[in-house]
Every structure is written in structure tokens, then in C-alpha cells.
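Observations on chain architecture
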Amino acid sequence: MTDHDQDKRPDRRALSSAARMYAVQALFQMEAAGQSADRVTREFQNFRIDFDDRDGPTDQADEALFTRIVDDVVMWQSKIDQATDRGLVAKWPIDRIDPVLRAVFRAAGAELVAERAPAKVVITEYVRLTHAFFPDGREARFVNAVLDHMARDFKPDSLG
């Protein structure tokens, strides 16, 4: 690797953001295709994260964070889904919302449960990520409100 290539390496925040994006995509794929976490994680690590494909290189990511989010969703999915349900309108349980939003809530919920990053950071990152998936919609405000509720549910003093 040349010095010039090292200068182009993403910073830690960019690597974390990419890991979160890949985690949401992986969770969506797991649900849509009925695939296991192990299979999807391997696919992303081998063929999606920092990979040269016909369209060019894909983004680098913090692979440890990516794997941790996917694994934590599997481990804590029931707890995460219950907290999401409490943050949603009673007539709209988690299984009735858009599957991409469901993946966002699960990935963010995994980080909120694990408490490795401050709740405000998790909420900000996933709201920003929601804008990438839904650039013209109101989904980002919806995600912000539900994640705020989830953060307070998991740890009442987490948002000061």
C-alpha cells in the first residue's frame, strides 16, 4: 500500500457508518431470503465489504462492529422487537412496518442494548442512515422518535 493509498483510508467514523449500513443490509437480507446470520455475515465479509466488483470497490467498514451488530440482533431480537413495538403506534406492530425500517430498528436496538456507543450517537447514526434509504420520505423523523423511545426504554437516563 502506498502512502497515497493510506491517505485515502476512511476514518473511524466512516468505517463505523459503513458497518452500520452493511448490518442493516445484512439484516434485511436475512429476513427476506430466510438466511442465517452466519451465512450472510460470511457473504458480506467475502463479497461485499471492501470488495472490488464490476462497479468498482465497495466501502471499507469496521468488520468487528458489523459482525457484533448482526450477532447482537440475533441474540437480543425478542427484546429489541418488544422495545420497538412499545415505540410504535399500537396498531402498527413491528411485523407490519417496512422491512428496511425493521432492519434499522433491529440494528440500532442491538447497539442500544449493548451500550457500547452513547444512545445519542446511535440515534444520530441510524437517522442519518435512514435518509440514505428513504431520501424523500418522513421515515427519518419516524426512526428518530422510535429510537428515542427505545433508548429511554432500555436505559431511562441514557439521553440525559
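No experiment lies behind these values; they were computed from the predicted model shown.

It is worth spelling out the environment of Leu15 at this point. By the secondary structure assignment, Leu15 is in helix H2 (residues 12–33). Sequence-distant contacts of Leu15, that is, excluding residues within four places in its chain, are made with Pro10, Gln60, Ala61 and Asp62.

This model, assessed by the stated rule, comprises four aromatic pairs. Plain terms: the ring middles of Phe47 and Phe51 are 5.9 Å apart, the flat faces sit at 80 degrees to each other, and that makes the pair edge-to-face. Members of the aromatic cluster, joined through ring pairs, are Tyr22, Phe44 and Phe66. One residue, Arg48, lies across the ring of Phe44, its end atom 4.4 Å from the ring centre.

Another point: the environment of Met30. Among the secondary structure elements, Met30 is positioned in helix H2. Residue class for Met30 comes out buried when judged on its relative accessible area of 14%. Taking C-alpha positions, Met30 is 18 Å from Glu111, a pair spaced 81 residues apart along the chain. Beyond its immediate chain neighbours, meaning those up to four positions away, Met30 contacts Gln35, Ser36, Ala37, Val40, Val70 and Val74.

Analysis parameters
Residues numbered from 1 in each chain as written. Predicted model: local features only at pLDDT ≥ 70, side-chain atom pairs only at ≥ 80, totals over all residues. Heavy atoms only, no water. Helix = DSSP H or I, 4+ residues; strand = E, 2+ residues; numbered from the N terminus. Contact = heavy atoms within 4.5 Å. Phe/Tyr/Trp six-rings, centres within 6.5 Å; stacked < 30°, edge-to-face > 60°. Lys NZ or Arg CZ within 6 Å of the ring centre and 35° of its normal. Buried < 20%, exposed > 50% of the residue type's maximum accessible area, 1.4 Å probe, protein only.

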